[in-house]
Amino acid sequence: EPEVTQTPSHQVTQMGQEVILRCVPISNHLYFYWYRQILGQKVEFLVSFYNNEISEKSEIFDDQFSVERPDGSNFTLKIRSTKLEDSAMYFCASIGGDGTGRTYEQYFGPGTRLTVT
Amino acid sequence: LAKTTQPISMDSYEGQEVNITCSHNNIATNDYITWYQQFPSQGPRFIIQGYKTKVTNEVASLFIPADRKSSTLSLPRVSLSDTAVYYCLVSSGNTGKLIFGQGTTLQVKP
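Residues numbered from 1 in each chain as written. Chains lettered and ligands numbered in written order. Predicted model: local features only at pLDDT ≥ 70, side-chain atom pairs only at ≥ 80, totals over all residues. Heavy atoms only, no water.

Comments concerning the interface of chain A and chain B
One widely used convention gives an interface's size as the accessible area the parts lose upon coming together. In this complex, chain A contributes 22 residues to the contact, which on the side of chain B involves 23 residues. Buried surface at the junction of chain A and chain B, both sides included, amounts to about 1,900 Å², of which 53% is carbon and sulfur. On the surface where chain A and chain B come into contact, there are 1 salt bridge. Of the charged contacts in the structure, one is a salt bridge between B:Lys97 and A:Glu56, with a shortest N-O distance of 2.7 Å. Inspection of the chain A/chain B interface yields 4 residue pairs in polar contact (both at pLDDT 80 or more). Contributing elements (two or more residues each) for the side of chain A that touches chain B: β4 (31-37), β5 (43-50) and β9 (88-95) of chain A. Top element by residues in the side of chain A that touches chain B is β4(A). It accounts for 4 residues. Residues of the side of chain A that touches chain B, tallied by class, amount to 11 nonpolar, 6 polar and 5 charged. (Contact = heavy atoms within 4.5 Å. Buried area = accessible area lost by both parts, 1.4 Å probe. Salt bridge = Lys/Arg side-chain N within 4 Å of Asp/Glu carboxyl O. Polar contact = N/O pair within 3.5 Å; in protein donor to acceptor, adjacent residues only side chain to side chain. Helix = DSSP H or I, 4+ residues; strand = E, 2+ residues; numbered from the N terminus. Nonpolar A, V, L, I, M, F, W, Y, C, P; charged D, E, K, R; others polar.)

Structure follows, in structure tokens:
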């Protein structure tokens, strides 16, 4: 079964540093998402991306965050100046959006655990 | 997006059938009901989706009454590996964001 992959699995960074989290969505998928989950809390939507632009973003996704699909396969989340409260699991997800089969099934990656010290 | 309410936690024993009910009183005509499962330190995983009546797949069944104000996820003969958090989500459109609640933490005991 195709799967979404994410790298690294764990990233430790110092406050104020920039981090880039990488995701490779399923190859024929068209819609891409980032979510985060602070330890012990619920999964929170950050941003959705379609046709090389952001289609929706949450209040969490402020100017410190950006997303990019640089080469047609990778989908990245950049945090420009990390804060302690950015420590969380970050999940990438994708969906085909072709209107067939499981149309609401977002495929999630295994996540990147970001620790900001 | 319709708000969902589900129990915070449930306990069961191996081999039992588990039913988790979710309330979504404000569900809209275009909304679908979707359930996800999440194991610790993993991403959520799609289980099942339905619009009305009953849907069954190889993993679970989903029962939706005629008024669609609630739904019940049924897991037949659970095992220890079914210990996870189960999320009920209601959304319209097949490409939009997912809004997760706190979910139901299911603990399966031997």
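Points about the sheet that holds strand β8 (residues 75-79) of chain A
Within a sheet, adjacent strands bond to each other through the backbone by hydrogen bonds, running parallel or antiparallel. All names here are of chain A. With antiparallel pairing, 4 strands are arranged side by side in an open sheet as β1-β3-β8-β7. The two strands at the open ends of the sheet, each matched to only one other strand, are β1 (5-7) and β7 (65-68). On average, adjacent strands in this sheet sit at an angle of 20 degrees to one another, irrespective of strand direction. Across 3 bridges, β1 lies against strand β3 (residues 19-24) in antiparallel orientation. Paired with threonine 7 across the strands is arginine 22, a residue of β3. (Pairing = 2+ DSSP bridges. Axes fitted to C-alpha atoms, helices over the stretch in contact; angles between N-to-C directions.)

A few points about the sheet that holds strand β1 (residues 9-13) of chain B
Residue and element names in this part refer to chain B. Strand order in the open sheet formed by 5 strands is β1-β9-β8-β3-β4, with mixed pairing between adjacent strands. Looking along the sheet, the strands with just one partner apiece sit at the ends: β1 and β4 (45-50). Here the average twist between neighbouring strands, direction ignored, is 25 degrees. Relative to strand β9 (residues 104-109), strand β8 (residues 84-91) runs antiparallel, the two sharing 3 bridges. Bridging from a neighbouring strand, tyrosine 86 pairs with threonine 104 of β9.

Concerning the pattern of salt bridges
All names here are of chain B. Under the counting rule described, the total for this entry stands at 3 salt bridges over all chains. Taking the shortest distance from any N to any O, the salt bridge between aspartate 11 and lysine 109 comes out at 3.4 Å. With aspartate 11 in strand β1 and lysine 109 in strand β9, this residue pair connects regions lying 98 residues apart in the sequence.

A few points about the pairing of β4(B)
Residues and elements named next belong to chain B. With respect to burial, β4 is a largely interior element, 5 of its 6 residues being buried. Of the pairings in the sheet, the one linking strand β3 (residues 32-38) to β4 comprises 5 bridges and is antiparallel in character. Across the sheet, tyrosine 36 pairs through a bridge with phenylalanine 46, a residue of β4. With antiparallel pairing between neighbouring strands as the criterion, β3 and β4 make up a hairpin whose turn holds 6 residues, including serine 41 at a positive phi of roughly 60 degrees. (Buried < 20%, exposed > 50% of the residue type's maximum accessible area, 1.4 Å probe, protein only.)

Looking at the state of the cysteines
Residues and elements named next belong to chain A. By the definition in use, this model includes 2 disulfides over all chains. Covalent S-S linkage joins cysteine 23 and cysteine 92, the inter-sulfur distance amounting to 1.9 Å. On the S-S bond that ties cysteine 23 to cysteine 92, the torsion sits near -60 degrees, and the link is left-handed. With cysteine 23 in strand β3 and cysteine 92 in strand β9, this pair connects stretches of sequence that are 69 residues apart. (Disulfide = S-S within 2.5 Å.)

Some points on the environment of B:Gln37
Residues and elements named next belong to chain B. Tracing the sequence through the fold places glutamine 37 in strand β3. A sequence separation of 68 residues divides glutamine 37 from threonine 105, and the C-alpha atoms of the two residues are 9.7 Å apart. Apart from the residues lying within four places of it in its own chain, the contact partners of glutamine 37 are Gly43, Pro44, Arg45, Ile47, Asp82, Ala84, Val85 and Tyr86. A polar atom in the side chain of glutamine 37 sits 3.0 Å from the side chain of tyrosine 86.

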